[in-house]
Amino acid sequence: MSLLVAVASTFGLFVVSLFILHVVSSTYLLRSEPARFISGNPDEFEWHIIVPALNEAAVLDETLRRLLETSPARVWVVDDASDDATHDIAASWERSNDRVSVVTRQLPNARTGKGDVLNAAYLAIIDRRAAEDPEALTSPMRTIVGVVDADGVLDPKTFTVLSGPHCFADPSVGAVQQDVWMRNADNTNPLPGLGRWRNYLGATLLRLQDLEFRASIAAIQHTRHHTSSVAMGGNGQWTRLAALDDIVLLDASRWDSKRRRPRADRPGPWHGGLLEDFELGLHLLMTGWVTRFTPGCYVAQEALPSLSRYLRQRTRWCQGSMQCVRYLPDLWRSAFIGPWALLELCYYLIQPWLWILATFLFPLPLIDAGRAFVRSPADWASWVRHDGGWMWLVMFWGTAVLPLASWAFTYRAVRAHTEGVLVTRRRSLHDGLAYVVLVNLSYVIAWRSLVRLVRRRNGWAKTSRVAEHLGGSHVDLVETSARIG
């Protein structure tokens, strides 16, 4: 048992040390990164926005109104065989505005995954360009395709920032990921009528998701900028049409070399995993394109006030990450992936598997200490007081708690800098400790993902949308039973 405990302690110290190094370097980069958000000219580019829509009637009308008012883009709504009024709302906008196009998918070929939805829009964009005057076409290098979820709200600065030299004015950049904010992060009554305790938990969960994206994830993306491995997210990802075309050509060459037939007559750049956005980023890197992250503009989306829905969403993301492990051999063989990028990508891809292993190893030192206390409380107390045991306990809890809790104070600094919002130290301490609890749910999420992976359960129930009724502050939960891949 003592050998196993020693192995567990060494493993734990190694993993926690890596994590602390990641936290410290990411936080430093987030706080010290220069602005680099020089504005560009959006008129130099042709813009397309894809809005995936499966039962989005509660939010789609307002989202389209905002996108058309604040962006120069053509908007492509992909109705994935919705059961509600999604198609009628999109069709009404298409009839009244020539910048809106509707792509309709029908069962049994619909609801097969978000990747297929995005591919349908990509093919529609290609078809439209093929039908236009070749002399009037914008170059694929100057054609930018973005993905905005049906609840997404774009920062008014989005297109000037994306047109700048840090983003698409640099011809080597194939894709840019915007910062992601939670637009309902400050809602203190997210579940009206469900009681004070439920609303306290819901409001805390909303803030923690904003904290996660604007502090933890943003800092990690800054680190990835320096390792040339910036990842794409599902909302607020922007990609050159030329880069998407390169992925399709690369896939076609692989099919030819392996004598396999493609999944469809005309495949698209997005693939079939549950984490189709991260897959896209991997393929961009493997085709030699540079990916960038910019906190100079954001896309705001709805955070989930329900823990069960949060766990369902994160299990899907974790399972998608586990699926992407199959790309490790391709990453190792790629001539475009540098050693630092490879190291960072490998760390990310094996992280869920480390959580699985840690559920066995991390508790062993605590179990051993508990057994020692039961055998001889006096000896255990002496070890703690006189033999340095207290230092081990402080180190254990310090490394397990402090790095995670520190993100709340990074979040406090970020909000003060970007919005002028002052989060109190008391609130930051509260949210920091709550974030420790939330992150430790990763062990539960990893096991749920592994069970689904082993059972080959790759379908997914659509995450319920928090619908904001126009003209009021009331919110409710929109339940759907739709299935997506």
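In this text, all values refer to a predicted model and were calculated from it rather than measured experimentally.

Thresholds, definitions, all that
- Residues numbered from 1 in each chain as written.
- Predicted model: local features only at pLDDT ≥ 70, side-chain atom pairs only at ≥ 80, totals over all residues.
- Heavy atoms only, no water.
- Patch = residues over 30% accessible without salt bridge, like charges linked within 9 Å, V, L, I, M, F, W, Y side chains within 5 Å.
- Areas by Shrake-Rupley, 256 points an atom, 1.4 Å probe, with all protein chains shown as cover.
- Salt bridge = Lys/Arg side-chain N within 4 Å of Asp/Glu carboxyl O.
- Helix = DSSP H or I, 4+ residues; strand = E, 2+ residues; numbered from the N terminus.
- Axes fitted to C-alpha atoms, helices over the stretch in contact; angles between N-to-C directions.
- Parallel < 35°, antiparallel > 145°, perpendicular 65-115°, else oblique.
- Left-handed = near helix turned anticlockwise from the far one by under 90°.
- Contact = heavy atoms within 4.5 Å.
- pLDDT = per-residue confidence, 0-100.
- Buried < 20%, exposed > 50% of the residue type's maximum accessible area, 1.4 Å probe, protein only.
- Pairing = 2+ DSSP bridges.
- Right-handed = clockwise from strand over helix to strand, strands pointing away.
- Polar contact = N/O pair within 3.5 Å; in protein donor to acceptor, adjacent residues only side chain to side chain.
- Expected span 1.5 Å × (residues − 1).
- Phe/Tyr/Trp six-rings, centres within 6.5 Å; stacked < 30°, edge-to-face > 60°.
- Core = buried A, V, L, I, M, F, W, Y, C linked by side-chain atoms within 4.5 Å.
- Nonpolar A, V, L, I, M, F, W, Y, C, P; charged D, E, K, R; others polar.

Engineer: In this structure, what is going on with a nonpolar patch on the surface? I would like to understand it.
Structural biologist: A cluster of nonpolar side chains, contributed by W197, Y200 and L201, occupies part of the molecular surface with about 350 Å² of accessible area. Along the chain, the position of L201 falls in helix 6 (residues 196–227).

Engineer: Would you take a moment to explain the packing of helix 8 (residues 276–286) against helix 11 (residues 339–361) for this structure?
Structural biologist: Axis separation between helix 8 and helix 11 bottoms out at 13 Å; the angle between their running directions is 155 degrees. As summarised for this structure, helix 8 and helix 11 are arranged roughly antiparallel, according to the angle between their axes. In this structure, the crossing between helix 8 and helix 11 has a hand that is left-handed. Within the contact between the two elements, helix 8 uses F278, L282 and L285 and helix 11 uses L345, Y348 and L349.

Engineer: Help me out: how do you make sense of the confidence of the model for the protein chain in this one?
Structural biologist: When pLDDT is low, close inspection of the predicted coordinates is not appropriate. Per-residue pLDDT for the protein chain averages 82, and the proportion of residues at 70 or more is 78%. Contacts for the low-pLDDT stretch residues 256–265, under 50 throughout, to residues beyond four places or in other chains number nine contacts. Low pLDDT, under 50, characterises residues 468–485; the stretch is placed with 57 contacts to residues that sit more than four places away or in other chains.

Engineer: In this structure, what is going on with the pairing of strand 2 (residues 74–80)? I would like to understand it.
Structural biologist: Regular strands show a simple pattern: their side chains alternate between the two faces of the sheet. Where burial is concerned, most of strand 2 is hidden: seven out of the seven residues are buried. Here strand 2 shows no split at all, with R74, W76, V78 and D80 on one side and V75, V77 and D79 on the other all buried. Here strand 1 (residues 46–53) pairs with strand 2 via six bridges, running parallel. When the bridges of strand 2 are listed, P52 appears paired with V78. Considered for its hand, the β-α-β crossover made up of strand 1, helix 2 (residues 60–70) and strand 2 is right-handed. Two strands pair when backbone bridges link them, and strand 2 and strand 3 (residues 100–105) are joined in this way by six bridges, in the parallel orientation. The partner of V77 across the bridge, within strand 3, is V102.

Engineer: Help me understand the environment of W289 in this model?
Structural biologist: For W289, the location among the structural elements is in the loop between helix 8 and strand 8 (290–301). Contacts of W289, omitting those with residues within four sequence positions, involve M141, P171, S172, V173, G174, R240, A242, A243, D246 and L284. Here the side chain of W289 touches D246 through a polar contact of 2.9 Å, side chain to side chain.

Engineer: I would appreciate a short explanation of the sheet that holds strand 2 in the present structure.
Structural biologist: Strands pair in a sheet through their backbones, by hydrogen bonds, and they do so in one of two ways: parallel or antiparallel. In space, the eight strands of this open sheet follow the order 3-2-1-4-7-6-8-5, with mixed pairing throughout. The open sheet has two free edges, formed respectively by strand 3 and strand 5 (153–154), since each of these has just one partner strand. In the packing of helix 4 (residues 114–131) onto the sheet, contacts are made with strand 1, strand 2, strand 3, strand 4 (143–147) and strand 7 (237–240), and the angle to strand 2 comes to roughly 135 degrees. Here helix 6 sits on the sheet in contact with strand 6 (173–182) and strand 8, set at roughly 155 degrees to strand 6.

Engineer: Which parts of the structure should I look at to understand the pattern of salt bridges?
Structural biologist: Two side chains with opposite charge may pair up if their charged atoms get near one another. Evaluation of the coordinates by the stated rule reveals 21 salt bridges. Among the ionic pairs, R128 bridges to E132, the shortest N-O distance being 3.5 Å. Put simply, R314 and E212 hold a salt bridge, and the shortest N to O gap is 2.7 Å. Of this pair, R314 sits in helix 9 (residues 307–323) while E212 is found in helix 6, placing the two residues 102 residues apart along the sequence. Here the salt bridges do not stand alone but share partners, grouping D186, D210, R214, R415 and E419 into one network.

Engineer: Just to check I follow, could you spell out helix 9 for this structure?
Structural biologist: In an α-helix, one full turn covers 3.6 residues, which means residues spaced three or four apart are oriented alike. Compared with an ideal rise of 1.5 Å per residue, which puts 17 residues at 24 Å, helix 9 spans 24 Å between its outermost C-alpha atoms and is within 8% of the ideal. In terms of burial, helix 9 is a largely internal element, 13 of the 17 residues being buried.

Engineer: Where do I start with the packing of aromatic side chains in this structure?
Structural biologist: Given two aromatic rings, their pairing is described by the distance between the two centres and the angle made by the two planes. Enumeration according to the criterion identifies eight aromatic pairs in this entry. Ring geometry for F213 against W317: centres 6.3 Å apart, planes inclined by 85 degrees, an arrangement best described as edge-to-face. Linking F213 in helix 6 with W317 in helix 9, this pair joins segments that are 104 residues apart in sequence. By relative accessible area, which is 11% here, F213 ends up buried. W317 sits in the partly exposed class, given a relative accessible area of 26%.

Engineer: Got a minute to help me understand the environment of S71 in this structure?
Structural biologist: Within the secondary structure, S71 is located in the loop between helix 2 and strand 2. A relative accessible area of 7% means that S71 is categorised as buried. Residues S71 and D155, spaced 84 residues apart in sequence, show a C-alpha to C-alpha distance of 9.7 Å. Discounting residues that sit within four places of it in the chain, S71 has contacts with I49, R99 and F159. A distance of 3.4 Å separates a polar atom in the side chain of S71 from the backbone nitrogen of A73.

Engineer: Honestly, the nonpolar core in this entry has me stumped. Any pointers?
Structural biologist: W47, I49, L154, L162, F168 and W238 are the most contacted members of the largest nonpolar core, which totals 38 residues. Counting residues in hydrophobic clusters, the runner-up holds 28 residues, among them A120, A121, V145 and L241.

Engineer: Help me understand the packing of helix 6 against helix 9, please; the structure alone is not making it clear to me.
Structural biologist: Describing two packed helices takes the angle between their axes plus the distance from one axis to the other. Remark: helix 6 packs on helix 9, axes separated minimally by 11 Å, with the N-to-C direction vectors making an angle of 25 degrees. Accordingly, the angle class assigned to the pair helix 6 and helix 9 is roughly parallel. Crossing angle aside, the handedness with which helix 6 passes helix 9 is left-handed. Residue-level inspection shows L205, Q209, E212 and F213 of helix 6 in contact with helix 9, the latter providing L307, Y310, R314 and W317. When its residues are assigned to classes, the contact of helix 6 with helix 9 shows five nonpolar, one polar and two charged.

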